[in-house]
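Given next are the chains, with one letter for each unit.
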Amino acid sequence: MSGKSLFAKDARTAARNRAEGRFRAYGFSAIVLALLALVWLLISILGAGAPAFRQTFLTFPVTLDAKLLDKSGSGDPAALSKVTTTTYGKLIAKALEAEIAARGIEAGEVKAKEFAKMLSEESSATLRTMVLADPTLIGQTITFRALASGRIDGYYKGRVTMESAALDKNVSPAQLVLADRLKDEGVLTIAFNPGFLTMPDASDKRPEAAGLGIAIVGSFLMMAVVLVLSLPIGVAASVYLEEFAPKNRWTDLIEVNIANLAAVPSIVYGILGLAIFINFAGLPQSAPIVGGLVLTLMTLPRIIIPTRAALKAVPPSIRDAALGVGASKLQTVFHHVLPLAMPGILTGMIIGLAQALGETAPLLLIGMVAFVRDFPGGFFDPAAALPVQVYNWTTRGDPGFVERASGAIIVLLAFLILMNAVAIYLRRKFERRW
Amino acid sequence: MDIETVKIKADKVQVFYGENHAIKDVDVNILDKTVTAFIGPSGCGKSTFLRCLNRMNDTIPSCRVEGRITLDDEDIYDPRVDPVQLRAKVGMVFQKPNPFPKSIYDNVAYGPRIHGLTRSKAELDEVVEKSLRRAALWNEVKDRLQAPGTGLSGGQQQRLCIARAVATEPEVLLMDEPCSALDPIATAQVEELIDELRTNFSVVIVTHSMQQAARVSQKTAFFHLGNLVEYGETTQIFTNPRDPRTESYITGRIG
């Protein structure tokens, strides 16, 4: 008997228990805080961005008058393409006017020639593209779905009110009243907007027509370049450093430098890319190939570090076993070490790719910020990139671009979540016990 | 004695780990078709010396081997020797069972495959069966050759590793404390197996258990602080040691 009961806590034990309790409380509140921040972020982005996926359209019949669109009557594509959007614009304006008259909708103070102002300036270009793609439409009457102007669209998304419209030279309260009447008649509808994902960017005055098409294609092309270059180079470098390189001062130096490179601000890689790939090698600006190369440089150290960690984590007994039955060093690495390190390598790879996908700064320097209207035909054509498109839209004046930028962030996040899901799937698939 | 042939001959072997002189002046003749046990306290260099015999120490950059080790009168440290070929002739079983995370069949077939020992699938099947039989594992696994080797029990895994090592038809089999991670029943099975392997191979076994050395070996070498103190017939070492250090060790006074 030491004289003290086990049931009585001494002061030291009580103090230790209190310290542990405090530490748990700190940890728990840190998690709660982080979760709240995440939820707040998601709610604000989803709230601001979701409207970008819905758009206001006006649907009405348009007669494609052959006399205006194909004066020669030959149907020759060269001749057809000489007809400008102004002609199509007039056609659309007349058609809308006719539709409003035919349905007997009270236009109020809105003059007939102001009807077309309710449509996006993009709609005439859309119609022209449709006709050029299919000249047989000429002479027919088609049902045309035109984008409403950004202000009308904003009215249905809560951005534009009667009061703000009174002060706005782009829209009048009377037009909003007319829009409501058109909506009642079913001419004006609010529907899912696939164009947000497929259309190119649009100019400052046409937020309603701006889409992510080129940015998605550009980001995809860049990721292809990054994947094709950084996976083999990164894995080969890691395998060499981990399995073959002698351990001496030089490899130590290389190791320190790789760790440092992973911490270099990404914009530095942009300057490097500008100097080497564009100024020295003469590659085109704004091209996915250059973006991909710059992002590869940036991603390489971030792939090499987890790959080396994955190789290091393979138990040495497996190497011994392979060497012991007479496998060469190369066979040991390729038959046993690499397959076991695969889940770790793939995870590192995909996280590196995800970082590259979200990288903006280096792309600004190599001209990916340019306004691009034509879809890139390959790696050497100008293109945009998703994160740069977000940056681009946030700098524009029209309030319609706020929802566009948030919508683009949603698309970017969706891609990142998809990539992480792939990483988790691959990790599960390749994971093996030993 | 003189009708037995010398398989491995070590002559004034020195091993250094950087500045550390781990093995000093070891001379030993390892006989063919004999089990030779290396005993000694921890850190005495017996495993280091064992790993010199198939050049596994090459993988440690700071390790340096001097002196001469011959296998069938060929110097294994000659620059013309490729350690990969050497290791096909001198197989090794490690302390901890280390099957590849592959099927039982692939574990055994790996050596023959990389050395191109078989010409057809049927021939490879034969080699696998023969090796598993030699390792006294065939009856336990013949119905599940495609099951993962890592799913076997510890003793079965170690016998699988032995099967993998004998599948390349080595001439010498090195075993580095093969039973230290096994329970007594598995140990008894592996010991029995070692005795059978003697008919085909020269076996060198490092062990911490003196009883094991006495049970399985014909020759015993006692290492102490990097020196080969005494080498001779196992019965002689255990009943009538010539060196006082050997006597102290086997009676449990040093270790």
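Residues numbered from 1 in each chain as written. Chains lettered and ligands numbered in written order. Predicted model: local features only at pLDDT ≥ 70, side-chain atom pairs only at ≥ 80, totals over all residues.

**A closer look at the overall build of chain B**
Phase 1 of the analysis: Within chain B, the regular secondary structure consists of 10 helices and 10 strands.
Phase 2 of the analysis: In summary, chain B has a C-alpha radius of gyration of 18 Å against a globular reference of 18 Å for 255 residues, a match within 12%.
Phase 3 of the analysis: Projected onto the principal axes, the alpha-carbon positions of chain B cover approximately 55 × 45 × 40 Å.
Phase 4 of the analysis: Relative to its 255 residues, chain B shows a buried fraction of 47%.
Phase 5 of the analysis: Long-range contacts, defined here as pairs at least 24 residues apart, represent 68% of the contacts in chain B between residues at least 6 apart. (Helix = DSSP H or I, 4+ residues; strand = E, 2+ residues; numbered from the N terminus. Rg over C-alpha atoms; globule rule 2.2 N^0.38 Å. Buried ≥ 20, exposed ≤ 12 C-beta atoms within 10 Å, placed from the backbone. Contact = placed C-beta atoms within 7 Å.)

**Some words on the packing of helix H6 (residues 154–166) of chain B against helix H7 (residues 184–197) of chain B**
Residue and element names in this part refer to chain B.
Phase 1 of the analysis: In contact at an axis separation of 9 Å, H6 and H7 are set at 20° when each is read in the N-to-C sense. It follows that H6 is roughly parallel to H7 by the angle criterion. Crossing angle aside, the handedness with which H6 passes H7 is right-handed. Note on element contacts: H7 touches H6 through Ala 186, Gln 189, Val 190 and Leu 193, opposite Gly 154, Gly 155, Gln 158, Arg 159 and Ile 162.
Phase 2 of the analysis: Partitioning the contact of H6 with H7 into residue classes produces 4 nonpolar, 4 polar and 1 charged. (Axes fitted to C-alpha atoms, helices over the stretch in contact; angles between N-to-C directions. Parallel < 35°, antiparallel > 145°, perpendicular 65-115°, else oblique. Left-handed = near helix turned anticlockwise from the far one by under 90°. Nonpolar A, V, L, I, M, F, W, Y, C, P; charged D, E, K, R; others polar.)

**Quick word on H7 of chain B**
Residues and elements named next belong to chain B.
Phase 1 of the analysis: Between its first and last C-alpha atoms H7 spans 20 Å; for 14 residues at 1.5 Å apiece the expected length is 20 Å, and the two agree.
Phase 2 of the analysis: Taken as a whole, H7 has its buried residues at Val 190, Glu 191, Leu 193, Ile 194 and Leu 197. With its buried residues spanning 160° around the axis, H7 presents them on a single face. Exposed and facing more than 90 degrees away from the buried side of H7 are Pro 184, Ile 185 and Glu 196.
Phase 3 of the analysis: Those residues of H7 hidden inside the fold are in contact with strand E3 (35–39), H6, strand E7 (172–176), strand E8 (202–206) and helix H8 (210–216). (Expected span 1.5 Å × (residues − 1). Arc of directions from axis to C-beta.)

**A word on the packing of helix H3 (residues 104–115) of chain B against helix H4 (residues 121–134) of chain B**
Residue and element names in this part refer to chain B.
Phase 1 of the analysis: Between H3 and H4, the least distance of the axes is 9 Å, while the angle of their chain directions is 110°. Relative to H4, the element H3 is oriented roughly perpendicular. Crossing handedness for the pair H3 and H4: right-handed. Residues Tyr 105, Val 108, Ala 109 and Pro 112 of H3 pack against Leu 124, Val 127, Val 128, Ser 131 and Leu 132 of H4.
Phase 2 of the analysis: Of the residues that constitute the contact of H3 with H4, the class distribution is 8 nonpolar, 1 polar and no charged.

**Section: the interface of chain B and chain A**
Phase 1 of the analysis: Every contact between the two is made by 21 residues of chain B and, on the other side, 18 residues of chain A.
Phase 2 of the analysis: Examining the composition of the side of chain B that touches chain A, we find that 4 residues originate from one element, H3 of chain B, more than from any other.
Phase 3 of the analysis: Of the residues that constitute the side of chain B that touches chain A, the class distribution is 11 nonpolar, 7 polar and 3 charged.

**Points about the environment of Val 172 of chain B**
Residue and element names in this part refer to chain B.
Phase 1 of the analysis: Inspection of the secondary structure puts Val 172 in strand E7.
Phase 2 of the analysis: On a C-alpha basis, the gap between Val 172 and Phe 201 in space is 5.5 Å, while along the polypeptide they are 29 residues apart.
Phase 3 of the analysis: With residues near it in sequence (within four places) discarded, Val 172 still touches Lys 7, Ile 8, Lys 89, Val 90, Phe 201, Ser 202 and Val 204.

**Observations concerning the sheet that holds strand E1 (residues 54–63) of chain A**
Residue and element names in this part refer to chain A.
Phase 1 of the analysis: Pairing within the open sheet is antiparallel, and its 3 strands lie in the order E2-E1-E3. The open sheet is flanked by strand E2 (141–147) and strand E3 (188–192), the only strands paired with a single partner. In this sheet, adjacent strand axes meet at a mean angle of 40° when their direction is disregarded.
Phase 2 of the analysis: Taken together, the 5 bridges between E1 and E3 define a ladder with antiparallel strand orientation. Opposite Leu 58, over in E3, you have Leu 188 as the bridge partner. (Pairing = 2+ DSSP bridges.)

**Section: the domain arrangement of chain A**
Residues and elements named next belong to chain A.
Phase 1 of the analysis: For chain A, the domain assignment lists domain 1 (52–193) and domain 2 (213–430).
Phase 2 of the analysis: Placing a centre on the C-alpha atoms of domain 1 and another on those of domain 2 gives a separation of 44 Å.
Phase 3 of the analysis: Split by residue class, the side of domain 1 that touches domain 2 holds 2 nonpolar, 2 polar and 2 charged. (Domains from an automatic or database assignment.)

**Focus on unusual backbone geometry**
Phase 1 of the analysis: Residues other than glycine seldom take positive phi values, yet Ser 286 of chain A does so here, at roughly 60°.
Phase 2 of the analysis: With respect to the helices, strands and loops of the structure, Ser 286 of chain A is situated in the loop between helix H12 (266–280) and helix H13 (288–312).
Phase 3 of the analysis: A positive phi angle is found at Asp 73 of chain B, which is not glycine, with a value near 65°.
Phase 4 of the analysis: With respect to the helices and strands, the residue Asp 73 of chain B is situated in the loop between strand E4 (63–71) and strand E5 (74–75).
Phase 5 of the analysis: Overall, Asp 73 of chain B belongs to the exposed group, with 7 C-beta atoms counted inside 10 Å.

**Quick notes on the pairing of E7 of chain B**
Residues and elements named next belong to chain B.
Phase 1 of the analysis: Most of E7 sits inside the fold, with 5 of its 5 residues counted as buried.
Phase 2 of the analysis: Because side chains alternate across E7, one face comprises the buried residues Val 172, Leu 174 and Asp 176, and the other comprises Leu 173 and Met 175, equally buried.
Phase 3 of the analysis: In the sheet, strand E6 (residues 90–93) pairs with E7 via 4 bridges, with the strands oriented parallel. Note that in E7 the partner of Gly 91 across the bridge is Leu 173.
Phase 4 of the analysis: As paired elements, E7 and E8 share 5 bridges and run parallel to each other. In the strand pairing of E8, Leu 174 is matched with Val 204.
Phase 5 of the analysis: You can see the chain leave E7, run along H7 and come back into E8, and the turn it takes is right-handed. (Right-handed = clockwise from strand over helix to strand, strands pointing away.)

**A closer look at the nonpolar core**
Side chains that are nonpolar tend, in soluble globular proteins, to be buried together.
Phase 1 of the analysis: Counting residues in hydrophobic clusters, the biggest one holds 136 residues, and the most contacted among them are Leu 173 and Val 204 of chain B.
Phase 2 of the analysis: Leu 173 of chain B has contacts with Gly 91, Val 93, Ala 165, Val 166, Leu 197, Phe 201 and Val 203 of chain B, leaving out every residue within four places of it along the chain.
Phase 3 of the analysis: In terms of nonpolar packing, the next biggest core, distinct from the first, is built from 36 residues, Val 131, Phe 144, Val 160 and Leu 182 of chain A among them. (Core = buried A, V, L, I, M, F, W, Y, C linked by C-beta atoms within 7 Å.)

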